[in-house]
Amino acid sequence: MEANTLNELKKFALDIRIETLNMISKHGFGHMGGSLSVADAIAVLYGNQMKYDPQNPKWDGRDYLVLSKGHCGPALYSALAIKGFFPREELLTINKLGTRLPSHVDKNLTPGIDMTAGSLGQGVSCALGMALGLKLQNKPNMVYAIIGDGEAQEGQVWETMLIAPNKGVKNFIVMLDNNKQQLDEFTNHISSLGDVRQKAEDFGWYALTVNGHDPNAIDEAIEKCKAADKPGFINMETVKGKGWQAKECVLNNHALRGPAFAGVDEVIENFRKELAAMQ
Amino acid sequence: MKYEMFDAKKIIGEVTLQEADANPNIVVVSTDSAPRTGMTGFITKYPNRYYELGIMEQGAVGVSSGLATAGKVPIFCAPAPFVTARPFEMFKIDIGYMQQNVKAIGRNCGFNYSDLGPTHYGLEDMALARLIPGVTVLAPIDASQLRGAMRAMLRHQGPVYLRIGTAPIPKIFEEEEFTIGKGQIVREGKDVAIITTGEIAVNVFEAAETLAAQGINAMVVAMPTVLPLDEAIIKKAAEATGRIVVVEEHYEVGGLGTAVCETCAKLAPVPVKRLGVPHVYLSAGPYIDLVKYCKLDPAGIVETVKEFTTQEK
Ligand SMILES: Cc1ncc(C[n+]2csc(CCOP(=O)(O)OP(=O)(O)O)c2C)c(N)n1
Ligand SMILES: [Mg+2]
């Protein structure tokens, strides 16, 4: 990747983190940890990989993203706003009565969202259906699904893992935000995913492990998956709460409410300075 | 009216622990959410009787059923939609059809998870549970009833679904033994009967006082058990007042309102107005805004009851 592209992706990811923290802290509630861990992946998707038209979100040449870990809507909304799907100011309407931006991604409400998610495990099946339907029409559009490591405890995820390679979909990439934490606990304390890359490979996927905070590595992994003869599975090693150091890898960083946001202004301010320094 | 407020989760945890001390068969099944249900005390004291399965609600219902076959009394608690809608068929067959001794608690019911939006609302949980023959459905109204209902549930033989919200729960009644299947006349009145269930009832009580001050005397009936339904008390209310309003934080379709209509059609045909969540997809939004939007606040209840009681029969 060219240095300039990489720099742009890093700036985009920072901007996503800023907008995410700003919107959820101003609202007083929101899924912080998983939104920050997935920010770099979303930056790569919307910054360098996916085809889309913010003026025409339903453009039929678009690639599709299903955020199956739908609670991380704020990270995706930030990316969509930054890219011009709707005004940035609208981010502050999160969860207000009648909003187009509820916590969980919602196909019926938000320009740029193609699938509702929030009940874990469901989005990834829907994504497979989209990939199958596009394949049937010989369309080149890609379908991406992002799942969480806690979400991967849902049996429904493994139904998709088993069937997708059997259906020969190649336009389908599942990205695991493997941040090692779920709602109450560290994932390993409940149910270890083990060597999840190997598991995916055994199920018939073209599977890779990458550093989920390195835009270059994520981008390369996507390129390799696209070139492969199978559906792609990218195990992204990530840190829950990435970027807000005090909240990284600690319990209770899943969703924050009220006083738990203490210190957020300073974090946002530092991100802003960092972003300005990169211009 | 000012009531003393309690944390529903704490009550659930406390009663579980007390009952577990007396009954070694009680176990707790969780899907990444037990501490959020007040179970920390139980987990600390009885780590071996606690199964944190991870996020797998469908499987958790099956595991609970199996534990029941092995003689255990499993309590499976999670957000209402993930206990009812997500694993519905498992609930129907693994718990309902086999009449397994499983206790399911759906918390954050109604639109209590207002910050999380439609995927996390439990607006059809009573309807779903009520569809399964032989499942007892409980929706306690206040802190005392919640304590009583928890105890009754854990001592009852057979499947139970108990729904509960999130917000602090008021103590309205004195503590007494909770009898499954019994409604309760909380206020006498002859102009209209308001039948209600769950924690939204507190708004009904306030509305009834306002209505009385405006010359409408409402009988108020509390229904902390939705199945088996106390049909006798519904018949009595219908005959005494000739009009019924049902208030619940649930879809107007399928819940207590529907159950009351079914009973009235059978035993005492009178006009029934269902005041619940309109049968549409509700927005995310602050809880209090949603209560108002659905007219489930005291003012909304007053308005609805007034309109209904002045209508021609
Ligand atoms: C079916 C279902 N069960 C439970 C939940 C509640 N819930 C929301 S997020 C979450 C933890 C998810 O962990 P993970 O997938 O690892 O997400 P991340 O760490 O990226 O936030 C849980 C249990 C849900 N949304 N859906
Ligand atoms: Mg996780």
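Summarised in this report is the structure supplied together with it. Here the structure is a predicted model, which means the values were calculated and not measured.

### Some points on the overall build of chain A
In terms of helices and strands, chain A carries 10 helices and seven strands. Considered along the principal axes of its C-alpha atoms, chain A spans approximately 50 × 45 × 40 Å. When burial is assessed residue by residue, chain A has 58% of its 279 residues classed as buried. Restricting to contacts in chain A with at least 6 residues of sequence separation, those with at least 24 account for 75%.

### Regarding the packing of helix α8 (residues 201–213) of chain B against helix α12 (residues 298–309) of chain B
Residues and elements named next belong to chain B. Packing of α8 against α12 brings their axes to within 8 Å, and their N-to-C directions diverge by 55 degrees. Taken together, the axes of α8 and α12 lie oblique to each other. The handedness of the crossing between α8 and α12 is right-handed. Contact with α8, carried on its side by N203, V204, E206, A207, T210 and L211, involves P298, I301, V302, V305 and K306 of α12 and no other residues of that element. A breakdown of the residues in the contact of α8 with α12 according to their chemical character gives seven nonpolar, two polar and two charged.

### Remarks on the side chain of N108(B)
All names here are of chain B. Inspection of the secondary structure assignment puts N108 in the loop between β5 (103–107) and α6 (125–130). Of the residues examined, N108 reaches a relative accessible area of 5% and is grouped as buried. At 2.8 Å, the side chain of N108 and the side chain of R107 are in polar contact. The residues contacting N108, other than those within four sequence positions of it, are Y113, H120, I164, G165 and T166.

### Examining the pairing of strand β4 (residues 172–178) of chain A
Residues and elements named next belong to chain A. The buried fraction of β4 amounts to seven of the seven residues, a majority that puts the element mostly inside the structure. Of the two faces of β4, the one carrying F172, V174, L176 and N178 and the one carrying I173, M175 and D177 are both buried. Here six bridges tie strand β3 (residues 143–148) to β4, and the two strands are oriented parallel to one another. Each bridged residue has a counterpart across the sheet, and for I147 the counterpart in β4 is L176. At this point the chain moves from β3, through helix α6 (residues 155–166), to the parallel β4, and the crossover so formed is right-handed. Pairing between β4 and strand β6 (residues 232–237): six bridges, direction parallel.

### Things to note about the environment of S125(A)
Residue and element names in this part refer to chain A. Relative to the assigned elements, S125 resides in helix α5 (residues 122–136). A relative accessible area of 24% places S125 in the partly exposed class. Along the primary structure S125 and V264 are separated by 139 residues, whereas in three dimensions their C-alpha atoms are 36 Å apart. When near neighbours in sequence (up to four residues on either side) are disregarded, S125 contacts Q156 and T160. Reaching out from S125, the side chain makes a polar contact with the side chain of Q156 at a distance of 2.9 Å.

Reading guide: rules and limits
Residues numbered from 1 in each chain as written. Chains lettered and ligands numbered in written order. Predicted model: local features only at pLDDT ≥ 70, side-chain atom pairs only at ≥ 80, totals over all residues. Heavy atoms only, no water. Helix = DSSP H or I, 4+ residues; strand = E, 2+ residues; numbered from the N terminus. Buried < 20%, exposed > 50% of the residue type's maximum accessible area, 1.4 Å probe, protein only. Contact = heavy atoms within 4.5 Å. Axes fitted to C-alpha atoms, helices over the stretch in contact; angles between N-to-C directions. Parallel < 35°, antiparallel > 145°, perpendicular 65-115°, else oblique. Left-handed = near helix turned anticlockwise from the far one by under 90°. Nonpolar A, V, L, I, M, F, W, Y, C, P; charged D, E, K, R; others polar. Polar contact = N/O pair within 3.5 Å; in protein donor to acceptor, adjacent residues only side chain to side chain. Pairing = 2+ DSSP bridges. Right-handed = clockwise from strand over helix to strand, strands pointing away.

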